[in-house]
Amino acid sequence: MTGAAAGPRPKPEENPAEAARGLRMPRHVAIIMDGNGRWAQRRGLPRGLGHRAGVESVRRVIRGSIRLGVRYLTLYAFSTENWRRPPEEVSFLWHLLGQAVAHDLEDLYREGVRFRAIGAVEELPEATQRQIRLAEERTAGNSRLYLQVALNYGGRREIVEAVRRLAAACRRGEIDPAEIDERRFARELYTAEIPDPDLLIRTAGEYRISNFLLWQVAYCELWVSDVLWPDFGEEDLRQAVEDYSHRQRRFGGLSEWPGDAP
Ligand code: IPE
Ligand code: IPE
Ligand code: MG
């Protein structure tokens, strides 16, 4: 391993779970959880049952992330474009989310998970918002696994809102446009507090980003799995992480893993 020891990227030996397995671990894993509908369709079931089965995969992946020593896990659960689905499917998804959070909150708390929603949460149904706030408050003191769930999240929207806030601050004379650099800009994103994802997993075999973490994935490693989300489990996560651990990340340089991303 070469490069700067400073910066947010931890060295392998700094992560005990990783050291135990000899893997170079991603600190932050982001997942586009796709394929619930196809999973249901293949069984002749309504799409809602695919989403319900997908909740079990979320539980497995949270467990797996804790076991592997992943510190940050970001799950894409609902995009700003998912409102285009039939209203019954959309309201079922919010119902399911509220139910899952209420059911799992104490377990998450005990496991040391810190829950946070990212996205335009203020547009979600009131009951869902209350559930989210409760979970965020309950787990605010935890730090074993930072779990971010992207709800009504759109990467372009996130960027546009950041631009709007910075422009307003400039107009008020609080900042000089010349001060706005990548670091300052990133502070306006939902993910201001956390490092960029190292590994992006997409299930159900689709090779696209679908408006997820557009800014943050600049140098992320990609892993597409054919497995449909409701069939995705700890072993699939482990396989993705294992593959990641053999990747060469160069961040535009020539040597392997030359320190922190740009
Ligand atoms: C992912 O599964 C869950 C959400 C986007 C909410 P899909 O519902 O997109 O499943 P497919 O793509 O139709 O199979
Ligand atoms: C991406 O899946 C969004 C989520 C997983 C929440 P979609 O199923 O909405 O993506 P597209 O429509 O296939 O690009
Ligand atoms: Mg889909």
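What counts, and where the lines are drawn
Residues numbered from 1 in each chain as written. Chains lettered and ligands numbered in written order. Predicted model: local features only at pLDDT ≥ 70, side-chain atom pairs only at ≥ 80, totals over all residues. Heavy atoms only, no water. Pairing = 2+ DSSP bridges. Helix = DSSP H or I, 4+ residues; strand = E, 2+ residues; numbered from the N terminus. Axes fitted to C-alpha atoms, helices over the stretch in contact; angles between N-to-C directions. Near = heavy atom within 4 Å. Polar contact = N/O pair within 3.5 Å; in protein donor to acceptor, adjacent residues only side chain to side chain. Areas by Shrake-Rupley, 256 points an atom, 1.4 Å probe, with all protein chains shown as cover. Nonpolar A, V, L, I, M, F, W, Y, C, P; charged D, E, K, R; others polar. Parallel < 35°, antiparallel > 145°, perpendicular 65-115°, else oblique. Left-handed = near helix turned anticlockwise from the far one by under 90°. Contact = heavy atoms within 4.5 Å. pLDDT = per-residue confidence, 0-100.

## A look at the sheet that holds strand β5 (residues 199-202)
Line of reasoning, step 1. The sheet built from six strands is open, its strands ordered β3-β4-β2-β1-β5-β6 with parallel pairing. A strand with exactly one partner marks an edge of an open sheet, and here the two such strands are β3 (113-118) and β6 (221-224). Between one strand and the next, the sheet's axes are offset by a mean angle of 20 degrees, whatever the strand orientation.
Line of reasoning, step 2. Bridge count for strand β1 (residues 28-32) against β5 is four bridges, and the pairing is parallel.

## Side note on the site of ligand 1
Line of reasoning, step 1. Taken together, the neighbourhood of ligand 1 is formed by Met33, Asp34, Gly35, Asn36, Gly37, Arg38, Arg47, His51, Ala77, Asn82, Arg85 and Leu93.
Line of reasoning, step 2. Contact distances for ligand 1 include 3.3 Å between an oxygen atom and a backbone N or O atom of glycine 35.
Line of reasoning, step 3. Taking arginine 47, its side chain carries an N or O atom lying 2.8 Å from an oxygen atom of ligand 1.
Line of reasoning, step 4. Here ligand 1 has 380 Å² of accessible area as a free molecule, and 86% of this is covered by the chains.
Line of reasoning, step 5. Listed by contribution, the elements that provide at least two residues to the shell around ligand 1 are α2 (36-42) and α3 (47-68).
Line of reasoning, step 6. The leading source of residues in the shell around ligand 1 is α2, at three residues.
Line of reasoning, step 7. Partitioning the shell around ligand 1 into residue classes produces three nonpolar, five polar and four charged.

## Details of the packing of α3 against helix α4 (residues 87-111)
Line of reasoning, step 1. Remark: α3 packs on α4, axes separated minimally by 11 Å, with the N-to-C direction vectors making an angle of 25 degrees. When the axis of α3 is compared with that of α4, the two are roughly parallel. Seen along the crossing, α3 lies across α4 with a hand that is right-handed. For the pair formed by α3 and α4, the contact residues are Arg47, Gly48, His51, Arg52, Val55, Arg59, Ile62 and Ile66 on the first element and Glu89, Phe92, Leu93, Leu96, Gln99, Ala100, His103, Asp104, Leu108 and Glu111 on the second.
Line of reasoning, step 2. Partitioning the contact of α3 with α4 into residue classes produces eight nonpolar, four polar and six charged.

## Observations concerning the confidence of the model for the protein
Line of reasoning, step 1. Summarising the model, the protein shows a mean pLDDT of 92, and 89% of its residues fall at 70 or more.
Line of reasoning, step 2. Model confidence for the protein, summarised as mean pLDDT per element, is weakest for helix α1 (residues 16-21) at 51 and strongest for β1 at 99.
Line of reasoning, step 3. Overall, residues 1-13 carries pLDDT values under 50, and its contacts beyond four positions in sequence, including any with other chains, amount to 26 contacts.

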